[in-house]
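Next come the chains, spelled out residue by residue.
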Amino acid sequence: MKEILKERISNSKDLFVNLRRHFHKHPELGYQEHETAKKIAELLKEWGLEVQEGVATTGVVGVLKGNKVGRTIAIRADIDALPIKEATGLEFASQNEGVMHACSHDGHIAMCLGTAKILSEIKEHLKGNVKFIFQPAEEGPGGAEKMIEEGVLENPSVDAIIGLHIWPEIESGFVGISKGPIMAAADRYEMTIKGLGGHGAKPHLAIDPIIAASHIVTTLQSIVSRELDPLDSTVISNCSFNSGNRFNVIPEEANLSGTVRTFNPKIREEVPRRMESIISGIANSMRCKYDFKYEYYYPATINDKEFTSYFENIAKDILGQEKVFEIERPSMGAEDFSFYLEKVPGTFFFLGTKNEEKEINKPIHHPEYTIDEDILPIGVELFCSMVVDFLKE
Ligand code: NI
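Procedures and definitions
Residues numbered from 1 in each chain as written. Predicted model: local features only at pLDDT ≥ 70, side-chain atom pairs only at ≥ 80, totals over all residues. Heavy atoms only, no water. Axes fitted to C-alpha atoms, helices over the stretch in contact; angles between N-to-C directions. Helix = DSSP H or I, 4+ residues; strand = E, 2+ residues; numbered from the N terminus. Parallel < 35°, antiparallel > 145°, perpendicular 65-115°, else oblique. Left-handed = near helix turned anticlockwise from the far one by under 90°. Contact = heavy atoms within 4.5 Å. Nonpolar A, V, L, I, M, F, W, Y, C, P; charged D, E, K, R; others polar. Salt bridge = Lys/Arg side-chain N within 4 Å of Asp/Glu carboxyl O. Buried < 20%, exposed > 50% of the residue type's maximum accessible area, 1.4 Å probe, protein only. Core = buried A, V, L, I, M, F, W, Y, C linked by side-chain atoms within 4.5 Å.

Draft legend 1. Expanded view of the packing of helix α3 (residues 34-46) against helix α4 (residues 105-121). At a minimum axis separation of 10 Å, α3 and α4 run at an interaxial angle of 15°. Considering their axes alone, α3 and α4 lie roughly parallel with respect to each other. For the element pair α3 and α4, the recorded crossing hand is right-handed. Contact residues: T36, I40, L43 and L44 in α3; I109, L113 and A116 in α4. Grouping the constituent residues of the contact of α3 with α4 by class yields 6 nonpolar, 1 polar and no charged.

Structure follows, in structure tokens:
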């Protein structure tokens, strides 16, 4: 079976490349992936899968049933693009002005579709089902949670899930895994510090929100540096601070916002409480009022240890021991694949695409970002091999 798969996949490389280029040329933003979804659904139907469209607005789910009843494994691809003006100069560059697949989701779709195609040709060897989840809006506001609410993990109920991100910090064709956290939880906050406006020359008649907000920004940093275990990586970044618009007017209020990144769920719960206590303490002591809104966004992406070891063995078997390694550090970036991993065991891994010879070396979300298409068959082989093993008789 291993050899049959390898051969079929290497013979289909053009298909994977063409798919990737098609989606690259026609990128769509989160929850607007109408043409993308239509194309995905058409192909899945052509290959004989049961298809459900309009899941979480623009999501598509394809189910491939093997010849015998058994377990169900899911593969997820995110399908949305970014509001970036492409500058790659590629012949298949974006035709949708100001929108670009700059986060490899075009490659993710191509690999997930490629896997569906290859497996549909050998389904008589599968004992169970494969569910292909094409998910909208990973870049925000998030499509995973909505797909789960709409039952994507049920009927047939999913026993394990697998997903990947093409990763430009890893050499092309190498696979980075983690048997625990791989990406952080990403939350966000907004606050308004309200003072009393006045003349810059007469501060005693005003209440200056800028001074209070400045103390708040610096004191918030003491949560990470003085209150948390240094080995529990946490970030509090206040990323916007807007107040005032004239050199001699003390403004009425200051508006701030930022992001909080954590791995430890207890810390994730505790940080907003500590933030509010600092904000309220400083605001009160400086005669200001405040509003504070904290929104839990994506949880940390935490892989199942046992399932990841299982994946590791299969990946090493296909690619060779040296090509598969445990990443030294998880990323402080976030990924809504985390919502699936809260419900079912699975693994999310990085497939390297860095190739200096081909000058493929830009970070994701860069206007010149592109991927090494030679990795597309590798991703398909990893997915296919996992499924074949998971659903073996
Ligand atoms: Ni991405």
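That was the structure; now back to the text.
Draft legend 2. Representation of the pattern of salt bridges within the structure. In the structure shown here, the tally under the stated rule is 26 salt bridges. The salt bridge involving D372 is made with K358; its shortest N-O contact spans 2.7 Å. Placement of D372 in the loop between β16 (346-354) and α10 (376-390) and of K358 in the loop between β16 and α10 is noted, with a sequence separation of 14 residues between them. Note on K358: relative accessible area 42%, which makes it partly exposed.

Draft legend 3. The arrangement of the nonpolar core in detail. Formed by 66 residues in total, the largest nonpolar core has its most connected members in L113, V130, F132 and F134. With 10 residues, α10 is the largest single contributor of residues to this core. Look past the residues within four positions of F134 in its chain and what remains in contact with it is I40, L44, G59, V60, A77, I79, I109, C112, L113 and M147. Among the nonpolar cores identified, the runner-up in size contains 28 residues, and W167, Y297, L341 and F348 belong to it.

So, to be careful, I would describe these as geometric facts and stop short of saying anything about function.
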